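This is what each chain is made of:
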Amino acid sequence: MATVDTAPAETPALPAQPRPRTPSPRRPSGMAVPRQPAATTLIGSVQRAMRLLETVAAHPYGAPAKQLARATGLALPTTYHLLRTLVHEGYLRRDKGLFFLGDAAERLSSSGAREKRRGRVADTLAHWRDSIGAPMYYAMYRNGEVEVLCVADSREAPAAEEWADFRETGHAHAIGQCLLSQLDEGARREYLARYPVQALTPYTVRDSDALLRRLTRVRRMEPVMERQEYALGTVCAAVPITVGTTAATVALSLPAHQADRLLPAAQRLQAEVGRHLGSLALSISI
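Conventions we followed
Residues numbered from 1 in each chain as written. Predicted model: local features only at pLDDT ≥ 70, side-chain atom pairs only at ≥ 80, totals over all residues. Heavy atoms only, no water. Pairing = 2+ DSSP bridges. Helix = DSSP H or I, 4+ residues; strand = E, 2+ residues; numbered from the N terminus. Axes fitted to C-alpha atoms, helices over the stretch in contact; angles between N-to-C directions. Buried < 20%, exposed > 50% of the residue type's maximum accessible area, 1.4 Å probe, protein only. Contact = heavy atoms within 4.5 Å.

(A) Representation of the pairing of strand β1 (residues 92–95). Inspection of the sheet shows β1 paired to strand β2 (residues 98–101) by four bridges, in the antiparallel sense. Along β2, the bridge assignment pairs Arg93 with Phe100. Connecting the antiparallel pair β1 and β2 is a turn made up of two residues, with Lys96 showing a positive phi of about 55°.

(B) Main features of the sheet that holds strand β7 (residues 246–255). The strand order across the open sheet built from five strands is β4-β3-β7-β6-β5, with neighbouring strands paired in antiparallel fashion. In this open sheet, the two strands that pair with only one neighbour each are β4 (145–152) and β5 (224–227). Recorded for the sheet is a direction-independent mean angle of 25° between the axes of neighbouring strands. Where strand β6 (residues 234–243) meets β7, 10 bridges bridge the pair, whose relative direction is antiparallel.

(C) Seen up close, unusual backbone geometry. In this model, Asn143 sits at a positive phi of 55°, which is unusual for a non-glycine residue. By the secondary structure assignment, Asn143 is in the loop between β3 (136–142) and β4. By relative accessible area, Asn143 is classed as exposed at 74%.

(D) Representation of the side chain of Thr169. As for its placement among the helices and strands, Thr169 is situated in the loop between β4 and α5 (174–181). The residues touching Thr169, leaving out its near neighbours within four places in the chain, are Ala164, Tyr191, Gln198, Leu200 and Tyr230.

See below:
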């Protein structure tokens, strides 16, 4: 993955051939014609339950069963039966005769919102990949781990190969160094205690003390660049995104023979991140 600073020809149409008629098989007199299954089978109870959920969602202050029955056009007994089932499964809750969305429905909603945020980040990375001409990576430091959450690459701009686990080699690549630079020293040392510095290439930082000294010199919001420290033949830059106590980054990589493009590409990415920081902050928990 990332490294850091140092028409076929037309055939004449044939005349249409008459299709032979195949006589229909004779059915014994009195035999019932079997009913053909519908192309699509719709389960009515599921449809009715979904209509109820949508109707309850449109009433943030709750609604009684009779009102829900009228709004959905369902018979009251059917409405009561479906409501009881939805309450039992956690999709609805009942309070003083009113029905509200339950925890299970809220989880579905939050999951949908999360997927929408994930798609927004992926679209943004793809735009930057095409405009800057380099593969893009979105990563976070979460639960003590370096996690690459989204990659946007192409045939023209392939992502760097993850030949050594990114999570365990944060000391060597720009993504990891950028994330570690956003942590306090205690959190950095805790990470390095679990994943000690190791030489991946002749350019990798040699020990944890040297790495910690380097990280203290990283200026806020400045790109972190690494040159062939993670993988020979690859250079990388990462731009920090800090929201509260959450550390995240957007990074790019280039082949080493394009190393002269690294700084201009990193500066352009930094400017793009600055312009989109608000939306990225909203999407940071993908």
